[in-house]
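In case you want the letters, here they are:
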Amino acid sequence: MQIDINAFKEARDFIVSNTAIKDLSPHTAVVLGSGLSHFADNLKNSSYAKVIPFKNIPHFSSSTVEGHSGELIVGKLTNSHPIIAMSGRLHFYEGYNAKTITNPIRVLSLLGIKNLILTNAAGAIGDNYEPGQLMAIKDHINLSGINPLIGPNNPELGPRFVDMSHAYEPRFIEYALKAAEQEKITMHQGVYISVTGPSYETPAEIRMFKSMGADAVGMSTVLETIVARHMGIKVLGISCLTNKAAGLSTNTITHEEVMENNAKVAMRFSSVLEKIVAQIYAEK
Ligand code: HPA
């Protein structure tokens, strides 16, 4: 079955008619992982802000995870840079298929988005990687066992075979490092490995991931990156390291710990994101 572009167009038209997108022409979007509600709140307070719950958008599904409320926000970040933010995302472990998870990225492209910042929470694997630090994703390993491009390709959206040798935009990583330095928060550059979850990993799995070259592990982002690259969108990925990965500390890993550590850096992470967006907007 061909991908139904008409469904994406319906979602796009709904968003255009319920926001100031036509006037703002945002070219950059941000997907906010759990715990970044501070960034979302800042955007919601901007003068043009419009918030649409995912459940109101045609063909969008709502996330079932605590901390991923599921809203699309259009506004002017720091009252100067127009962006679209997706607060909340869908995950494979919720039972959604790879296409459903990535449909919002298709719609962002139809809305004119050229740059995408994907954020997530991740377990720290790399040496000297600590909870409370950030990692700019320089590459990924897709260990989720799926690929959202499986099935007939629609050439209107992108090519059948997609180059992934430059999945993450090096220039944007530079912006991220600079912003983190200004905010005095450690930003590593590393490899993100994606798993389906929802169980966290075993220590043996983490040892294997480490030997494969992974620096952080998480349950999102990679499928979204693949679909964004399919459509030629430039991607920056940033992980918030919320815990030592399994076996690398004596702690057990809980969702509460992940959320707690996320919350501790949320303010600075939000400021880092604002500074990155400003640098992207300064490009033209
Ligand atoms: N593993 C997988 N996903 C995660 C983790 C982890 O340790 N922490 C936050 N998301």
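Before reading on, note that the structure itself is shown above.
Because the structure is a prediction, the values reported are computed rather than measured.

Participant: Even after reading the chapter, I still don't get the site of the ligand, so can you show me in this structure?
Facilitator: Around the ligand, a shell composed of Ala121, Ala122, Gly123, Tyr200, Glu201, Val217, Gly218, Met219, Thr242, Asn243 and Val258 is seen. Glu201 places a polar side-chain atom, nitrogen or oxygen, 2.8 Å from a nitrogen atom of the ligand. Contact between the ligand and Asn243: a nitrogen atom at 2.7 Å from a side-chain N or O atom of the residue. The fraction of the free accessible surface of the ligand (260 Å²) that becomes covered by protein chains is 95%. At the level of secondary structure, the elements contributing two or more residues to the shell around the ligand comprise β5 (115-124), β8 (216-218) and β9 (234-244).

Participant: How should the packing of helix α3 (residues 37-44) against helix α8 (residues 255-281) be read in this particular structure?
Facilitator: For any two helices packed against each other, one specifies the crossing angle of their axes together with the interaxial distance. Across the interface, α3 lies against α8 with an axial gap of 8 Å and an inter-helix angle of 55°. With respect to α8, the axis of α3 lies oblique. Judged by residue contacts, His38, Phe39 and Asn42 of α3 engage Met267, Ser270, Leu273 and Glu274 from α8. Here the contact of α3 with α8 is composed, by residue class, of three nonpolar, three polar and one charged.

Participant: What am I meant to see in helix α4 (residues 98-110) here?
Facilitator: Owing to its 3.6 residues per turn, the α-helix brings residues three or four apart onto one side. For α4, spanning 13 residues, the distance from its first C-alpha to its last is 19 Å, which sits close to the expected 18 Å at 1.5 Å a residue. At Pro104, α4 shows its maximal bend, which comes to roughly 30°. Restricting attention to buried positions, one finds in α4 the residues Ala98, Ile101, Thr102, Asn103, Pro104, Ile105, Arg106, Val107 and Leu108. Looking at the buried positions of α4, the neighbouring elements they touch are α1 (5-18), β1 (28-32), β4 (81-87), β5 and α7 (222-230). The N-cap of α4, judged by a side-chain oxygen 3.0 Å from the amide nitrogen of Lys99 a few residues on, is Asn97.

Calculation notes
Residues numbered from 1 in each chain as written. Predicted model: local features only at pLDDT ≥ 70, side-chain atom pairs only at ≥ 80, totals over all residues. Heavy atoms only, no water. Near = heavy atom within 4 Å. Polar contact = N/O pair within 3.5 Å; in protein donor to acceptor, adjacent residues only side chain to side chain. Areas by Shrake-Rupley, 256 points an atom, 1.4 Å probe, with all protein chains shown as cover. Helix = DSSP H or I, 4+ residues; strand = E, 2+ residues; numbered from the N terminus. Axes fitted to C-alpha atoms, helices over the stretch in contact; angles between N-to-C directions. Parallel < 35°, antiparallel > 145°, perpendicular 65-115°, else oblique. Contact = heavy atoms within 4.5 Å. Nonpolar A, V, L, I, M, F, W, Y, C, P; charged D, E, K, R; others polar. Expected span 1.5 Å × (residues − 1). Bend = angle between axes of the 7 residues up to and from the residue. Buried < 20%, exposed > 50% of the residue type's maximum accessible area, 1.4 Å probe, protein only.

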